[in-house]
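Residues per chain are reported as follows:
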Amino acid sequence: MKAIVLNKTGGPELLVTTDVKQPKAERGEVGIEIEYIGINYAEILSRKGLYGWAGKRPYILGMEASGVINELGEEVSKFHIGQKVIVGTKNGTYAEKIVVPQECVSPILENYTMEENAAFLVNYMTAWVSLVKMAKISPGDKILITAAAGGVGTAAVQIATRYGCSVYGMAGSEEKIDLIKSLGASDGYNYRDKDCFRSLLEDTGGIDVVLEMVGGQVYKSSLDIVNPFGRVVVAGFASLDLKKWNPVSWIKTWRDIPRVKVGDLAKESIAVMSSHLGYLLEEEPAQMEDILNDLKKFIEKHQIKPIIGKVFSFNDAPEAHKYIESRKSFGKVLLKI
Ligand SMILES: NC(=O)c1ccc[n+]([C@@H]2O[C@H](COP(=O)([O-])OP(=O)(O)OC[C@H]3O[C@@H](n4cnc5c(N)ncnc54)[C@H](OP(=O)(O)O)[C@@H]3O)[C@@H](O)[C@H]2O)c1
């Protein structure tokens, strides 16, 4: 079968398809013919060698996909051959086929296309865990979402607006701000404008919950606009760009990585938290299944559909990564097998 194997770290040109041996489902495992692969920012970091939760090389990249079950190992009773499913895993989805433990497989959302199903799991679970489980958002809360036009960002805007919150999004272009507003955000701000946090504070009087995914000055400024009892959930730091052979980038990364001074939090009575879906999936699979079921009910009740920015062919994986790194992408970017 064809797959994209990461043998070493580096640029998008490494993402070439090669022939690898087709895996076979063992006891408790499910084999899936993949249709669409959801690309996550974490895979760009993995490709660069900057992702802590990455697999041990060589491995097949990719954390999520939609497809059809074509093989069942012994002792798998929850699924059947021919069933359409989504898969969420540590790696292995940049391939024509994957074999995973049955805990990594979930039925599709019936009213979604297979493209939408591949765009669902990581983005919506990250947004839901961060906003609902951790920040415990309530109707009427004022929420700031950074990188709001991206995969997790658009999911977060949809969830928080349907929750009855007033949502403010930050992004890097006017087109992205238009998209955020079209999803129900009350307003959008461009963080390439150095006064954007001051404008946000003047317009809102302060924010109750921040979902922060950029890092650097954006993280630091977000701490200054949080109301007493407010929560900042750090789910990523997309702006960090550590380069192995460039000492200037080591200093910049050290400076820009989000940090917490408890004394400063005490002065404002605010909390800083951080979420990571991967560790949760590894350590709390049963709890994550319950959370996924709650999320699916919410998504179906509010008729939320993922925003799909662009679909690339499998062979164009390097172009897909370049597109996300260019900061021109919005919503979810997919590969089609
Ligand atoms: N905690 C978790 O479990 C979890 C799960 C999934 C994703 N994440 C994190 O959440 C963030 C968003 O992930 P995603 O997959 O949805 O990606 P994405 O938002 O679709 O793409 C990344 C976005 O980050 C923004 N960005 C800001 N500064 C950047 C820079 N210097 N270089 C590149 N991009 C920059 C860009 O939007 P603008 O141009 O609008 O700034 C870009 O579009 C990432 O940090 C990712 O690692 C965390």
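Residues numbered from 1 in each chain as written. Predicted model: local features only at pLDDT ≥ 70, side-chain atom pairs only at ≥ 80, totals over all residues.

A. Representation of the domain arrangement of the protein. When its domains are assigned, the protein resolves into domain 1 (2–120 + 306–336) and domain 2 (122–278). Taken together, the contacts link 17 residues of domain 1 with 15 residues of domain 2. Residues belonging to the side of domain 1 that touches domain 2 are distributed by class as follows: nine nonpolar, four polar and four charged. (Domains from an automatic or database assignment. Contact = placed C-beta atoms within 7 Å. Nonpolar A, V, L, I, M, F, W, Y, C, P; charged D, E, K, R; others polar.)

B. Summary view of the packing of helix 3 (residues 121–134) against helix 11 (residues 285–301). Running from N to C, helix 3 and helix 11 point in directions that differ by 95°, and their axes come no closer than 11 Å. As far as their axial angle goes, helix 11 and helix 3 are roughly perpendicular. Contact residues: helix 3 offers Y124, M125, W128, V129 and K133, while helix 11 offers I291, L292, L295 and I299. Looking at the contact of helix 3 with helix 11, its residues break down into eight nonpolar, no polar and one charged. (Axes fitted to C-alpha atoms, helices over the stretch in contact; angles between N-to-C directions. Helix = DSSP H or I, 4+ residues; strand = E, 2+ residues; numbered from the N terminus. Parallel < 35°, antiparallel > 145°, perpendicular 65-115°, else oblique.)

C. Representation of the sheet that holds strand 2 (residues 17–19) within the structure. Pairing within the open sheet is antiparallel, and its three strands lie in the order 2-1-4. If you trace the sheet from one side to the other, it starts and ends with strand 2 and strand 4 (59–60), each paired once. As judged from the three bridges shared by strand 1 (residues 2–6) and strand 2, these two strands associate in the antiparallel manner. Residue pairing for strand 2: K2 is matched across the bridge by D19. (Pairing = 2+ DSSP bridges.)

D. Region of the structure containing the site of the ligand. Near the ligand, the surroundings consist of 28 residues, among which G150, G151, G172, G236 and L277 are the closest. Among the elements of the structure, helix 1 (41–48), helix 3 and helix 4 (151–162) are those that each provide at least two residues to the shell around the ligand. Looking at the shell around the ligand residue by residue, the class counts come to 14 nonpolar, 12 polar and two charged. (Near = placed C-beta within 6 Å.)

E. Fine view of the sheet that holds strand 11 (residues 187–190). Judged by pairing direction, the sheet is parallel, and its six strands sit side by side in the order 11-10-9-12-13-14 without closing on themselves. Only two strands of the sheet have a single partner each, and these edge strands are strand 11 and strand 14 (271–274). Recorded for the sheet is a direction-independent mean angle of 20° between the axes of neighbouring strands. Sheet analysis places strand 10 (residues 166–171) next to strand 11, joined by four bridges and oriented parallel. Across the sheet, residue Y168 finds its bridge partner in strand 11, namely D187. Sitting on the sheet, helix 3 is in contact with strand 12 (207–212), strand 13 (226–234) and strand 14, with an inclination near 150° to strand 12.

F. The arrangement of the environment of Y124 in detail. Topologically, Y124 is positioned in helix 3. Taking the C-beta count within 10 Å as the criterion, Y124 has 25 such neighbours and is therefore assigned buried. Linking Y124 and S269, residues 145 residues apart in sequence, is a C-alpha distance of 29 Å. Other than its neighbours up to four places away in sequence, Y124 contacts A155, L295 and I299. (Buried ≥ 20, exposed ≤ 12 C-beta atoms within 10 Å, placed from the backbone.)

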